[in-house]
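Here are the chains, one letter per residue:
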Amino acid sequence: MKKYRWFRVDTAAIMFSSLSSENWGRTFRYSAYFKNNIKPELLEKAACDLMPYYPAIYAYLKKGFFWNYLAGSSLLPEIREENDCGMLPIVSRKDTRPDFRLTYKGNRINIECSHSLGDGKGIIVFFKALLTRYNELYHGAEGEYVTKEDPEINVTNAFSDYYRKDGEKADGKSKKAYHFPETYEDNFLKLLFIEMSTSSVKELAHKEKMTITEYLTAVLMLGIIRSTKEPVNEPITVAVPVNLRRFFPTMSVRNFTVQTFITFEPKGRQDVTLKEILEATRGQLKAQIRTQELQKTINKYGALVNNPVIKIVPNIIKQPVMRKMQKDTHAGVTTIFTNYGACS
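None of these values were measured; they are calculated from a predicted model. (Residues numbered from 1 in each chain as written. Predicted model: local features only at pLDDT ≥ 70, side-chain atom pairs only at ≥ 80, totals over all residues. Heavy atoms only, no water.)

Details of the confidence of the model for the chain
Step number 1: Of the residues in the chain, 92% reach a pLDDT of 70 or more, and the chain-wide mean stands at 87.
Step number 2: Looking across the chain, the model is least confident in helix α1 (residues 11-19), with a mean pLDDT of 71, and most confident in helix α7 (residues 274-281), with 97. (pLDDT = per-residue confidence, 0-100. Helix = DSSP H or I, 4+ residues; strand = E, 2+ residues; numbered from the N terminus.)

Things to note about helix α6 (residues 212-227)
Step number 1: Taking 1.5 Å per residue, 16 residues should reach 22 Å; α6 reaches 22 Å between its end C-alpha atoms and fits that length.
Step number 2: Residues of α6 that are buried: Thr213, Glu214, Tyr215, Leu216, Thr217, Ala218, Met221, Leu222, Ile224 and Ile225.
Step number 3: Where α6 is buried, its residues touch α5 (198-207), β8 (236-243), β9 (257-264), α7, α8 (284-288) and β10 (335-336). (Expected span 1.5 Å × (residues − 1). Buried < 20%, exposed > 50% of the residue type's maximum accessible area, 1.4 Å probe, protein only. Contact = heavy atoms within 4.5 Å.)

Details of the environment of lysine 300
Step number 1: Inspection of the secondary structure assignment puts lysine 300 in helix α9 (residues 291-305).
Step number 2: Along the backbone, lysine 300 and arginine 164 are 136 residues apart, and their C-alpha atoms lie at a distance of 9.3 Å.

Comments concerning the sheet that holds β10
Step number 1: Read from one edge to the other, the open sheet built from three strands follows the order β9-β8-β10, with strand pairing classed as mixed. Edge strands, defined here as strands with exactly one partner in the open sheet, are β9 and β10. (Pairing = 2+ DSSP bridges.)

Re the pairing of strand β5 (residues 78-81)
Step number 1: The side-chain alternation of β5 yields one buried face, formed by Glu78 and Arg80, and one unburied face, formed by Ile79 and Glu81.
Step number 2: Direction of pairing for β5 relative to strand β6 (residues 100-105): parallel, over a ladder of four bridges. Across the sheet, residue glutamate 81 finds its bridge partner in β6, namely tyrosine 104.

Quick word on unusual backbone geometry
Step number 1: Residues other than glycine seldom take positive phi values, yet lysine 209 does so here, at roughly 55°.
Step number 2: With respect to the helices and strands, lysine 209 occurs in the loop between α5 and α6.

A word on the pairing of strand β4 (residues 69-72)
Where a strand is regular, its side chains alternate between the two sheet faces.
Step number 1: Of the two faces of β4, the one carrying Tyr69 and Ala71 and the one carrying Leu70 and Gly72 are both buried.
Step number 2: Across three bridges, strand β1 (residues 6-8) lies against β4 in antiparallel orientation. Counterpart to tryptophan 6 in the pairing with β4 is alanine 71.
Step number 3: Linkage of strand β3 (residues 59-62) to β4, two consecutive antiparallel strands, is achieved through a turn of six residues.

With respect to the packing of aromatic side chains
Step number 1: Applying the stated criterion across every chain, the model contains 17 aromatic pairs.
Step number 2: On the basis of an interplanar angle of 85° and a centroid distance of 6.1 Å, the ring pair of phenylalanine 28 and tyrosine 30 is categorised as edge-to-face. The burial state of phenylalanine 28 is the same as that of tyrosine 30; both residues are buried.
Step number 3: Seen in terms of ring centroids, phenylalanine 159 and tyrosine 301 are 5.8 Å apart; in terms of plane orientation they differ by 50°. Their pairing is tilted. Pair noted here: phenylalanine 159 is in helix α4 (residues 158-162) and tyrosine 301 is in helix α9, with a separation of 142 residues, a long-range link.
Step number 4: Aromatic ring contacts, followed pair by pair, group Phe159, Tyr162, Phe248, Phe256 and Tyr301 into a single cluster. (Phe/Tyr/Trp six-rings, centres within 6.5 Å; stacked < 30°, edge-to-face > 60°.)

Written out as structure tokens, the structure is:
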């Protein structure tokens, strides 16, 4: 029988896990395409082979008295053919399966994962290992799965490793941003697949002396302005997650990202041009991703979860407080844009 194991949720997942609901599942997704149709029995075998190497991913969220935590699961995740829109929330798991699912359709494999388990850069490490093992099995590999991955290295909470108790902390104040009207229909679209030429976008961005992320964020802002019926008078603020592993080395597959913010103020104008937005936002992201500034944000997160008073407050009281904090944060954000970057 597998020995029971549990993990503290990482610093970022404390907020994710406390606020997840059916309406906001904090779920993200990756897809990969093969040349041939997927064989579900091999996908299941690949998922089984990886279990010992990623213990904090084969886990599910449980509510604790003081904090939520992750309980190690001895079950495989939900594995099935995709027959719906995808991106369904993963919350309140009652069957003790891990908080991610694997689906397939034709020649495509998808992973949908709760943010409580890890961030995009971390989970892609696991997903690539899964795809590699599936490919080996497809081509007739024999014997047990062998890897150099150290399961104890990839479960660490990198936020705790780099938290400096006496270091300077980031300022959490933000200006109220434009929000879309909260009107929804029952059958709204959940997934939209779009392809674009990486080289062409890169060329456009570099002409403006900007990164692809900065350029596409400006395009997104222009799209928001042009899609609204009424003039936008509030600032448009896009949250852009930054992978901290680029600045603070770690092998952890758990959450280790912070959000940066790019802002443009249309001031009611609907004739704004892309050039104007590019000029106004140029340099905003770069100013926030200096190591010194990122360290301040790590210290801010660490100070919150290590506060001795907060530690002893029951979870039932903490959660409404965290919801209020998150609501205040969201008031300053219009939308989120994530660019994974190069993936090989």
